[in-house]
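Below, each chain spelled out in residue letters.
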Amino acid sequence: MIAVDRGRYGCVVVDGSVDGPLITAMRARELGRKSVVVGDRVALVGDVTGMAGALARIVRISERTSALRRTADDDDTTPEGRLERVVVANADQLVIVSALADPPPRTGFIDRCLVAAFDADVEPLLCLTKADLAGPEAVLDYYAELDLPYVLVRPDSDLSDLRARLAGRISVLVGHSGVGKSTLVNRLVPAALRAVGAVSAVGKGRHTSTSAVALRLPPVGRSRTDPGWIVDTPGIRSFGLAHVSAYSLLHGFPDLIEGTLTDQPNCEHTGNDADCRLDAWVQSGKADPRRLASYRRLLASRAGDVDPHTHQEDPSGGDASPAHPA
Ligand SMILES: Nc1nc2c(ncn2[C@@H]2O[C@H](COP(=O)(O)OP(=O)(O)OP(=O)(O)O)[C@@H](O)[C@H]2O)c(=O)[nH]1
Ligand SMILES: [Mg+2]
């Protein structure tokens, strides 16, 4: 399933790198309350010709190889607002898109995405856009102790490195509104015609893209190998992680894990755990203190100590300007 719009699901039959026509489908009653998300492999019955007016039914969802989840805390005033949602199913790679300026990078947000990627067993790739406006040094310095793959993108940059990293897999783009996800998708898939918005509209609650769409990448040269799929998603304000256990949170911080090995088993690694060895680990220069601070902010936000609307982006993580809404 590659796109959803008002209860109508767009599906394609994929055979190697050859795709069939777009088939419009609705949910069959037997699915019950199971949600169908972009990336799901589904079984269809009915009219699967894909011709105008044809409507098929989704009768089954295959077991997912991965499920990228986020707790939607955009709207935590309603019970539904705290629901954990699967964003995309069966993805292999999470492409964390962050602009280097306009809007400024938020390492707190990137850290959350990394946790979500490790939790979903999806490989992370940092994609730093608008490299024509600012340099990547501060962000890369913050992640210096991680083996985090990254690509730099500017309007005229060569995308062959990125294409090589996308080949043969399903990759999901996530990032704040206005960082250039759809711009990038349009460059990668010229036929995509994804709407692109002016950053001035950002922060007024408007997002240019309103639903996730999976797009087949065009073949590279004459190669017959699968060039992969890319999923454009609407900009998000935060990546809610309430569904991730405190233990799993740490896996988004591989640079800190070794520092916890000599801790008492019951240590929760918060600033209140007097015996926590992480402080000494950082003081001895084994990890960046900003990373420990970010980890503890995440722990605290999960414990409900901090208002998720004000804490979620760290002011200290190498990006000074809080001027832009997170
Ligand atoms: N200078 C510069 N501007 C860029 C670059 N990439 C994108 N932009 C501009 O940034 C603005 C936002 O781009 P979009 O592609 O709509 O951003 P998005 O991430 O898809 O936003 P949402 O759909 O709201 O989540 C547009 O005005 C783009 O022209 C870049 O590499 N450099
Ligand atoms: Mg967009």
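Each remark here, short or long, concerns the structure printed above.
A. Looking closely at the overall build of the protein chain. On a plain count of helices and strands, the protein chain comes out with nine helices and 15 strands. Looking at the 326 residues of the protein chain, the share that counts as buried comes to 48%.

B. Examining the nonpolar core more closely. Within the largest apolar cluster, 61 residues are counted, with the highest numbers of intra-cluster contacts made by Leu94, Tyr143, Phe239 and Tyr295. A per-element tally of this core places helix H1 (residues 107-120) first, with eight residues. Contact partners of Leu94, with chain neighbours within four places excluded, come to Leu68, Cys113, Ala117, Val122, Glu123, Pro124, Leu125, Val172 and Val174. If you look at the next biggest cluster of nonpolar residues, it comprises 21 residues, including Ala99, Leu173, Leu184 and Val189.

C. Region of the structure containing unusual backbone geometry. Of note, the amide linkage connecting Asp102 to Pro103 takes the cis form, showing an omega dihedral of 0°. Here Pro103 is to be found in the loop between strand E10 (93-99) and H1. If you check the backbone angles, Asp121 has positive phi at about 60° while not being a glycine. Mapped onto the elements, Asp121 comes out in the loop between H1 and strand E11 (123-129). You will see that His269, though not glycine, has its phi angle at about 65°, which is positive. Mapping His269 onto the fold places it in the loop between helix H6 (254-257) and helix H7 (278-283).

D. Highlighting helix H4 (residues 181-188). Residues of H4 that are buried include every one of Lys181, Ser182, Leu184, Val185 and Leu188, and no others. Buried residues of H4, viewed axially, fall in a sector of 155°; they line one side. Against the buried residues of H4 lie E10, E11, helix H3 (160-166), strand E13 (170-174), strand E14 (213-216) and strand E15 (229-232).

E. Up close: helix H8 (residues 289-302). For H8, which comprises 14 residues, the first-to-last C-alpha distance of 20 Å matches the rise-based estimate of 20 Å (1.5 Å per residue) to within 8%. Regarding H8, the residues found buried are Arg291, Leu292, Ser294, Tyr295, Arg296, Leu298, Leu299, Ala300 and Ser301.

Conventions we followed
Residues numbered from 1 in each chain as written. Chains lettered and ligands numbered in written order. Predicted model: local features only at pLDDT ≥ 70, side-chain atom pairs only at ≥ 80, totals over all residues. Heavy atoms only, no water. Helix = DSSP H or I, 4+ residues; strand = E, 2+ residues; numbered from the N terminus. Buried < 20%, exposed > 50% of the residue type's maximum accessible area, 1.4 Å probe, protein only. Core = buried A, V, L, I, M, F, W, Y, C linked by side-chain atoms within 4.5 Å. Contact = heavy atoms within 4.5 Å. Arc of directions from axis to C-beta. Expected span 1.5 Å × (residues − 1).

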